[in-house]
Amino acid sequence: MAKSRHYFSSHDSSLSPTSVRSREWEGPSRWTEYLGPDVSSPMTTRSSKNVGSDGGGSHKGLQLQWVVQLIEVAGGLMAKMYRLNQILDYPDPVGHNFSEAFWKAGIFPNHPRICIFLSKKFPDHFSKLQLERVDKAALDALHDSAEIHLQSLEPWIQLLLDLMAFREQALRLILDLSSTVITLLPHQNSLILHAFMDLFCSFVHVSLFSEKLPRKMMLQVYNLLHAVSRNERDCDFYHRLVQFIDSYDPPLKGLQEDLNFVSPRIGEVLEAVGPIIFLSTDTRKLRNEGFLSPYHPRYPDILTNSAHPMRAQDLANVTSYREWVLLGYLVCPDELLRVTSIDIALVVLKENLVLSLYRDEYILLHEDYQLYVLPRIIESKKMAKSGRTKQREADLEYSVAKQVEKMISEVHEQALLSCEAIHRERRILLKQEIGRMVLFFTDQPSLLAPNIQMVFSALAFAQYEIIWYFQHVGIASSKSKAARVVPVDMDPNDPTIGFLLDGMDHLCCLVRKYIAAIRAYALSYLSSCAGRIRFLLGTPGMVALDPDATLKILFQQILQHLDNITKPQGENISAITCDLSDFRKDWLSILMIVTSARSSINIRHLEKATVSTGKEGLLSEGNAAYNWSRCVDELEIQLSKHGSLRKLYFYHQHLTAVFRNTMFGPEGRPQHCCAWLGVASSFPECASPIVPEEVTKIGRDAVLYVESLIESIMGGLEGLINILDSEGGFGALEMQLLPEQAAFYLNNSSRVSMPSVKSPKGAISFPLPGHESYPENNNSIKMLEAAMQRLTNLCSVLNDMEPICVLNHVFVLREYMRDCILGNFRRRLLTVLKTDNDLQRPSVLECLIRRHMSIVHLAEQHISMDLTQGIREVLLSETFSGPVSSLHLFDKPTEQHTGSATEVVCNWYIENIIKDISGAGILFTPMHQCFKSTRPVGGYFAESVTDLHELQAFVRIFGGYGVDRLDRLMKEHTAALLNCIDTSLRSNREVLEAVAGSMHSGDRIEREACLKQVVDLETMIGFCIEAGQALAFDQLLAEASRSVLEEGAPLICSLLAGLVKHIPEEVPEKKEIRRMRKVANSVGLAGNHDSEWVRSILEEVGGANDGSWSLLSYMFATFMTSNIWNTTGFNVDTGGFNNNIHCLARCISAVIAGSEHVRLEREHQQRQLLSNGCESLDPDIRVSADASIKSAMQLFVKFAAGIVLDSWNETNRSHLVAKLIFLDQLCDISPYLPRSSLEQHVPYTTLRSIYNQYYSNSPSMPLALLTASPRHSPAVALAHASPITRQPRGDLTPRYSANDSGYFKGSSSHSQEHLYGGEIGSLRSIELKHQTVRRSGPLGYSSTRKVKHTEGSTSGSTGPSPLPRFAVSRSGPISYK
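Residues numbered from 1 in each chain as written. Predicted model: local features only at pLDDT ≥ 70, side-chain atom pairs only at ≥ 80, totals over all residues. Heavy atoms only, no water.

(A) Geometry of the overall build of the protein. Along the backbone of the protein there are 54 helices and 12 strands. Taking all 1377 residues of the protein together, 55% fall into the buried category. Within the protein, counting contacts between residues at least 6 apart in sequence, those at least 24 apart form 77% of the total. Taken as a whole, the protein presents about 59,000 Å² of accessible surface, with 53% of it coming from carbon and sulfur. (Helix = DSSP H or I, 4+ residues; strand = E, 2+ residues; numbered from the N terminus. Buried < 20%, exposed > 50% of the residue type's maximum accessible area, 1.4 Å probe, protein only. Contact = heavy atoms within 4.5 Å. Areas by Shrake-Rupley, 256 points an atom, 1.4 Å probe, with all protein chains shown as cover.)

Printed below as a string of structure tokens:
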């Protein structure tokens, strides 16, 4: 603390009035902290560029330097006060309201009662307040921790000292300038005027802002702590700070007293800027006279509007002029009594409610005018009325005071009602003018340089309007003394904000684009200006003036600077670099000399001596050269001053809200998003070097703002895409009626046309043809067109947008857009995979994907990147998401992860089609080559998702990886079923050996006894049927893959087909040959698909490695004794059985063939191991394998037929027909059995008689059983047609009757209105019908020609049914021994 006290005391001596005056120019050392780390000398960056003095050391030049420096110090002081306010959670020292965070900030002791009591009793000394009565415990605690609290308060007490020192120096400079400068009018001495008024405003801002600090509490508490720790001794500066705070409590009271001496000069300045303010508020005049138009509005053929060059320059400063008026009349209220002042004040007060102090800190303007200005006006009115002055002057003063009083009393109400309307009208004007300006300068860039001041004016206007809008968002003000708070009615959906931001962004981009041309124009102007100034210096009037040596030297230096300017030549303009800061310093030195009242030659002398030539005077030429010189080396600084919107950082939350409300509104424009995002690049410039932590916070907030806006933009982009990808978007354009819908609609239309026929209910759900052309439906088409236009515009804008740089973050909107489009496609894909009920049909899914891709292709035309490749990557990732290296390996890793979309679809097929976990009665129909169900599986019948057309759509969507995944899942499921077969073989081995022995010995009694000992027979049959379903489904999948491959890559397909025919038949096969055979089998080109598929499964899992597999044929033969045959019926409409028992035939054929192949290969490998690899390959081993398979199959047929025929008797023969047809179908399926194989055991005439009864008659229902028992009614054999090919949208499809193809019906030979297949109209099934009207049925075979089961008849015929006759006969064709 000793060091601290010494620090304060050493500064305290310099703060006495005499000390400050004696060390007048030693002051800058104390302000180093507030000038930032980059400014270490009295010459700040700003002063070195804008103001200065010559080397001769003019006192006035130095004085102007300190003016600029004190302005910088004011900014540093306010930055510190702003930070303290943040730390203290924005306290209310006037109302003594302090939050909990205020006391926890660690600056003040957490003893509210004592601290607030000291603040309220200011300026009374603490020794007179009897604090122990207020809070004795808190006072004792303060004694114990006084040192700690002193240290926390010391930096902020120093801030109070700096505020006091700043007040003294600023007031002295303001007084000195106002008393010595001859003129401060904008058209005569604008440069010094702006420096003077900037210091004036900064001083007022600092003083007003200081009221928001708890100054009284800070000083009182610090002095108490100081006295506690320093033996009841006050701090040295206590009484001076008490006097300073008390004189500025409230600040406006002290300001009015301190600035009373400069009040007349302020009044003159405000009167002088009045005409420019009036012009800026007259939107009609601005528009009609073309003040913001590069061409004259009445003479558009005159491209350069040079009618108002000075006014254009003045309009660029109108924002400062408005602030001068608000502050000037607030702290110099006597100037309102000037005759012209009332109009100036009224115009500005009527359009403002708040007065900005620093960043987002403000005061309520009208309340302060009523509290501190109105009493002074009333007092002046009383004085005028009392007649203390001459009567005539008193009457005028009284009249003016009365008018001012009325104006101040009423203007608040007017501002609340009209300020937003005034600014909205101005924003609309700026939107139009800036829009025209951008188009004009884009088309005529050569005219940008001559009109650069007009561009700055437009930017300054737009900047002011945008900042005004956000400053007044959420502002509430009281209309009267009753303190009824009324919020300002600000429209958050105002689209003009986006237009202004976009216009400013385009203008700034144009200036930066043609910056070289602007510099060249400015250099040319300066070169010509040198000759004019030289001429003016040689005029007789200047010679007669005889300036002193200092002025002569300065004028010569000015000419030397202008003569040394590089002449722009050729194409090297952009490489020219000129530093004209010395020229500006010398010119300011001249101005400070000639505007000083102490100078022998002043500004009026120079004007009279040079303006008589009929041209511009010397000072006008010099000021113009000064301004154009800034367009050479300070163009970016000027552009930042007039076009920067960094102050919007403090309103970035409102900025985000307005963006979201307007961007995608009815008047929003996608191209505006660039400007909204670009604002963030300037946010970090708001950080003050005085407060280092601000850089990090503001940078983080700027990044979050950009990310929030990007999220909104991408959300809008997704919304536009989803609007187009909806049923009301592109979905409405591709609406088509299915054939059955069209037929129903035509029938219904014909009925409606007949008045006597009542319209059915289903008709109203169909839209009439051409319904979109009706006027009432135009809105949907317009919406679609608007969405398409906005989408293409937004994509084009985001694609061309430059990266957004915020500190070290770079945001490339093109990449965000790509990720958004692809991410949205992924989400849409996963969304449309399933409907409300269940899985979406693959054909519909493919249609939806193609529709979405058409929208992506529409956007891709405006984006310079390949989105199609990205879509393919998404589909690939949703199909295959394993390691990339796995894509190049045939042998897939064990931990293979697939895409979520493929996983969903494949699992659905396995669970609902193969396993039928929902119990929908899944049946495979060989004749139609698809699965059917007795009731819907989810939202569809089974044939709607399993026919060839749907599986082709699945293959086209998910490709080979999706097919592989589905194939892998079916293999895993089938492997589990084969393992069950292996387990059953092992557990029944002894029984099966006994069965085999009895079969070969012909001992029927022993065989029947052994057959009854086989365990789990029914379960095994169920497993085998399920395996057969998997085989059938995989073959359908292979056929679909082949169709897609033939369509997309016919050469590869033909290559595989030809290659398979020439693959050598070896056992064991080489790895490459085996791989090729698997590939061919996966696309249905390997010949015997089922056996190859089972063989690959057994090889992968190491199955069929036990001797019990040699009994496989016997175990399958025992299936003939199962009770399942009692309920089995054959259906001629499906070519299969009612309980899928025909899938058992596929399983038996494939498992026997596959197991024999695996067994022979394993035996061959064992022989090679025993012979140490010396055994050569047997060329006939493949032939032996085929013979072994054929032998096993024939063995099964032999014993199965024997069991069937032996088990038949007169009382129970219901199962006989089904078993015989089953065996015949097995011979038809298996490539290893000619269909004549069965004739050795079952006479040909018997089979022919059976088939004749099915195919040559037309029973009213399928008669599959030979008994009249209701339990065995033929009606249990059901068939069904395929459902409609496409899910109806929006209830456009009516409910069908019992003949609807989407619902089940009893199978009948009369039924010929089946709708098979997918959206192509069941061409395949129609072709089959024509091929199989009835030539030879399934018996058209011979020993040399195989006829596949798919060639069987699918159509019934008419005639009486012979089955009842056959059922009664006891000596029919099957009564043989």
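(B) Local environment of the pairing of strand β1 (residues 354-358). Across the five residues of β1, five count as buried, placing the element largely inside the fold. Inspection of the sheet shows β1 paired to strand β2 (residues 361-364) by four bridges, in the antiparallel sense. Bridging from a neighbouring strand, Ser356 pairs with Tyr362 of β2. Taken together, β1 and the strand that follows it, β2, pair antiparallel across an intervening segment of two residues, in which Arg359 is found at a positive phi of about 55°. (Pairing = 2+ DSSP bridges.)

(C) Here's a closer look at the side chain of Gln952. Following the sequence through the fold, Gln952 ends up in helix α41 (residues 948-987). Gln952 gets classed as buried once you look at its relative accessible area, which sits at 16%. A distance of 3.2 Å separates polar atoms of two side chains, one belonging to Gln952 and the other to Ser1043. Beyond its immediate sequence surroundings of up to four residues, Gln952 is in contact with Ala1040, Ser1043 and Val1044. (Polar contact = N/O pair within 3.5 Å; in protein donor to acceptor, adjacent residues only side chain to side chain.)

(D) Fine view of the pattern of salt bridges. Inspection of the entire model under this criterion finds 55 salt bridges. The salt bridge involving Glu1161 is made with Arg1095; its shortest N-O contact spans 2.1 Å. Here Glu1161 is found in helix α49 (residues 1141-1170), whereas its partner Arg1095 is found in helix α47 (residues 1089-1101), with 66 residues between them in sequence. The buried category is assigned to Glu1161, whose relative accessible area is 9%. In this structure, a network of salt bridges that share partners links the residues Arg1074, Glu1092, Arg1095, Glu1099 and Glu1161. (Salt bridge = Lys/Arg side-chain N within 4 Å of Asp/Glu carboxyl O.)

(E) Seen up close, helix α42 (residues 989-1001). Helix length check: α42 (13 residues) gives 18 Å between terminal C-alpha atoms against 18 Å at 1.5 Å per residue, within 8%. Of the positions making up α42, those classed as buried are Val991, Leu992, Val995, Ala996, Ser998 and Met999. Along the axis of α42, the buried residues cluster in a sector spanning 170°; they form a single face. For α42, the exposed residues lying more than 90 degrees away from the buried face are Glu990, His1000 and Ser1001. (Expected span 1.5 Å × (residues − 1). Arc of directions from axis to C-beta.)

(F) Quick peek at the environment of Ser682. Assignment of secondary structure puts Ser682 in the loop between α31 (673-678) and α32 (693-724). Considered as a pair, Ser682 and Cys805 are 123 residues apart in the sequence and their alpha carbons are 9.2 Å apart. Among residues more than four places away in sequence, those in contact with Ser682 are Ser644, Leu645 and Arg646.

(G) How the structure looks around the packing of helix α9 (residues 146-180) against helix α11 (residues 215-229). Contact geometry for α9 and α11: axes closest at 9 Å, N-to-C directions at 135°. It follows that α9 is oblique to α11 by the angle criterion. Along this stretch, α9 crosses α11, giving a crossing that reads as left-handed. Every residue of α11 that contacts α9 at Ala146, Glu147, His149, Leu150, Leu153, Glu154, Trp156, Ile157 and Leu160 is listed here: Arg215, Met218, Leu219, Val221, Tyr222, Leu225, His226, Val228 and Ser229. The class makeup of the residues in the contact of α9 with α11 is 12 nonpolar, three polar and three charged. (Axes fitted to C-alpha atoms, helices over the stretch in contact; angles between N-to-C directions. Parallel < 35°, antiparallel > 145°, perpendicular 65-115°, else oblique. Left-handed = near helix turned anticlockwise from the far one by under 90°. Nonpolar A, V, L, I, M, F, W, Y, C, P; charged D, E, K, R; others polar.)

(H) Just the packing of aromatic side chains, in detail. Following the criterion strictly, the structure yields 32 aromatic pairs and no others. Ring geometry for Phe166 against Phe203: centres 6.3 Å apart, planes inclined by 45°, an arrangement best described as tilted. Residue Phe166 is found in helix α9, and its partner Phe203 is found in helix α10 (residues 186-210); the two are separated by 37 residues along the sequence. Judged by centre distance (5.2 Å) and plane angle (50°), the rings of Phe954 and Phe958 are tilted. Separated by four residues within a single helix, Phe954 and Phe958 lie in helix α41, roughly one turn from each other. Accessibility expressed as a relative area gives 4% for Phe958, which makes it buried. Here a set of aromatic residues connected by ring pairs shows up, and it is made of Tyr82, Phe209, Tyr358, Tyr649, Phe650, Phe683 and Tyr705. In this structure, Arg359 packs its charged tip against the face of Tyr82, placed 5.0 Å from the ring centre. Over the ring of Tyr525 we find Arg532; its NZ or CZ atom is 5.3 Å from the centre of that ring. (Phe/Tyr/Trp six-rings, centres within 6.5 Å; stacked < 30°, edge-to-face > 60°. Lys NZ or Arg CZ within 6 Å of the ring centre and 35° of its normal.)

(I) Quick peek at the environment of Ala1218. You can see Ala1218 is positioned in helix α51 (residues 1216-1229). Linking Ala1218 and Thr1127, residues 91 residues apart in sequence, is a C-alpha distance of 9.4 Å. For Ala1218, the contacting residues outside a window of four places in its chain are Trp1125, Thr1128 and Phe1137.

(J) Representation of helix α23 (residues 515-537) in the model. Across its 23 residues, α23 extends 32 Å between first and last C-alpha, which sits within 8% of the 33 Å expected from 1.5 Å per residue. Restricting attention to buried positions, one finds in α23 the residues Ile515, Ile518, Ala520, Ala522, Leu523, Leu526, Cys529, Ala530, Ile533, Leu536 and Leu537.

(K) Looking closely at the confidence of the model for the protein. Scored by pLDDT, the protein comes out at a mean of 79, with 78% of its residues at no less than 70. By mean pLDDT, the top-scoring element of the protein is helix α17 (residues 318-331) (94), and the lowest-scoring one is strand β11 (residues 1279-1280) (32). Low pLDDT, under 50, characterises residues 480-484; the predicted model gives this stretch four contacts beyond four residues in sequence or across chains. pLDDT under 50 marks residues 756-764. Its contacts with residues more than four places away, or in other chains, come to six contacts. (pLDDT = per-residue confidence, 0-100.)

(L) The arrangement of unusual backbone geometry in detail. Going from Phe122 to Pro123, the amide bond is cis rather than trans, its omega being 10°. Here Pro123 shows up in the loop between α6 (112-120) and α7 (131-134). Cis geometry is adopted by the peptide bond preceding Pro250, which originates at Asp249 and carries an omega value of 0°. With respect to the helices and strands, Pro250 occurs in the loop between α12 (238-247) and α13 (251-258). Of note, the phi angle at Tyr90 is positive, near 50°, even though the residue is not glycine. Following the sequence through the fold, Tyr90 ends up in the loop between α4 (59-87) and α5 (100-104). Tyr90 gets classed as partly exposed once you look at its relative accessible area, which sits at 43%.

(M) Inspection of the packing of α41 against α47 at higher detail. Their axes nearest at 10 Å, the elements α41 and α47 cross at an angle of 75°. The angle between α41 and α47 places the two elements in the roughly perpendicular class. Between α41 and α47, the residues in contact are Asp967, Arg968, Met970, Lys971, Thr974, Ala975 and Leu978 and Trp1093, Val1094, Ser1096, Ile1097, Leu1098, Glu1100 and Val1101, respectively. Classifying every residue of the contact of α41 with α47 gives eight nonpolar, two polar and four charged.

(N) Just the environment of Leu84, in detail. Mapped onto the elements, Leu84 comes out in helix α4. When the C-alpha positions of Leu84 and Lys212 are compared, they lie 10.0 Å apart, and in sequence the two are 128 residues distant. Those residues within four positions of Leu84 in sequence are excluded, and the remaining contacts are Ile107, Trp156, Leu159, Leu213 and Met218.

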